[in-house]
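Remarks on the overall topology
The chain contents come next:
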Amino acid sequence: SPSTLLLYGPGLTAGVVTGVVVSFAHTVLPTHWAPFVLTSRAGGWTSVRLLAVSVAGALAHTLSTAVIGAVAVAVGLVASAAFGALFETVAGAGLLLMGAAIVAQAFRAGHVHGQARTPRPSQTDLAAVTGLIVLMLVSPCEVALPVYLSAARYGWAGFCVLTAGVAVGTASGMLLAVFAARAGLERFRTDRWERYEGVALGAALMLRGVWILVADRGSAVLRRRDGGGKGRA
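Residues numbered from 1 in each chain as written. Predicted model: local features only at pLDDT ≥ 70, side-chain atom pairs only at ≥ 80, totals over all residues. Heavy atoms only, no water.

Let's talk about a nonpolar patch on the surface
On the surface, a nonpolar cluster with roughly 420 Å² of combined accessible area is contributed by Leu-51, Val-55, Leu-59, Leu-175 and Phe-179. For the nonpolar patch, the secondary structure elements donating two or more residues are α4 (47–83) and α8 (155–182). Broken down by element, the nonpolar patch gets its largest block of residues, three residues, from α4. Looking at the element boundaries, Phe-179 is found in helix α8. (Patch = residues over 30% accessible without salt bridge, like charges linked within 9 Å, V, L, I, M, F, W, Y side chains within 5 Å. Areas by Shrake-Rupley, 256 points an atom, 1.4 Å probe, with all protein chains shown as cover. Salt bridge = Lys/Arg side-chain N within 4 Å of Asp/Glu carboxyl O. Helix = DSSP H or I, 4+ residues; strand = E, 2+ residues; numbered from the N terminus.)

Topic: the packing of helix α3 (residues 30–43) against α8
Their axes nearest at 9 Å, the elements α3 and α8 cross at an angle of 45 degrees. When the axes of α3 and α8 are compared, the pair comes out oblique. Viewed along their axes, α3 and α8 form a crossing whose handedness is right-handed. Mapping the contact onto sequence places His-32, Trp-33, Phe-36, Val-37, Ser-40 and Arg-41 in α3 and Met-174, Ala-177, Val-178, Ala-181 and Arg-182 in α8. (Axes fitted to C-alpha atoms, helices over the stretch in contact; angles between N-to-C directions. Parallel < 35°, antiparallel > 145°, perpendicular 65-115°, else oblique. Left-handed = near helix turned anticlockwise from the far one by under 90°. Contact = heavy atoms within 4.5 Å.)

Considerations on the packing of aromatic side chains
All told, the structure shown has two aromatic pairs when counted by the stated rule. Aromatic side chains Tyr-148 and Phe-159 sit 5.6 Å apart centroid to centroid with 45 degrees between the ring planes, which places their arrangement in the tilted category. Of this pair, Tyr-148 sits in helix α7 (residues 145–150) while Phe-159 is found in helix α8, placing the two residues eleven residues apart along the sequence. Each of the two residues, Tyr-148 as well as Phe-159, counts as buried. Ring geometry for Trp-156 against Phe-159: centres 5.5 Å apart, planes inclined by 80 degrees, an arrangement best described as edge-to-face. Within this pair, Trp-156 and its partner Phe-159 are both found in helix α8, separated by three residues, close to a single helical turn. The structure contains a cluster of three or more aromatic residues connected by ring pairs, namely Tyr-148, Trp-156 and Phe-159. Between Arg-49 and the ring centre of Trp-45, over which it is positioned, the NZ or CZ distance is 5.1 Å. (Phe/Tyr/Trp six-rings, centres within 6.5 Å; stacked < 30°, edge-to-face > 60°. Buried < 20%, exposed > 50% of the residue type's maximum accessible area, 1.4 Å probe, protein only. Lys NZ or Arg CZ within 6 Å of the ring centre and 35° of its normal.)

Pasting the structure below:
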């Protein structure tokens, strides 16, 4: 909520923005939206039905991402209590290195995902919808895992706000992709976007890592100094 963002300041806001960007870039890959578009064409769905099922799939994707995110936050809370500022340094450096590796991989060979799987045309409409939603449920956005881990310092309130951001990024990515495909814009080369996706993901993680190492740690140092000064006064 806005009050939670105000309570924790720009640090949590930066984490939420990173979550939105990462989930959006991840979801617009054809392996996520293409099965929905192909199934809708085979079943003669209306645009409204396609968008509704796509939103359901996005919510299922967000749910599975939130489950692994909750595990990451729980681990982060324990590690933060045990190691303090060292954990934040390691988390920031880890995000920076992971982002750099993703960008390097994108430039070197492009981002490779598996082939899009579509329910068989012989399936009933209900079975096809169920299959699409289950497909999204069992394939969480694993790239968001380090973002959740780095947000552990904000506790479970921060987890909820971050998950809301992931939901927004996932749903908007799905809706944009299926709308473009419905309008006939799928002629654009998706292999180029897969490379751009790697760059976008990597850049977002790198920026979040730099923020943790510079802004978050800097504000923590200032708070400790202010507290020390007040104590001496």
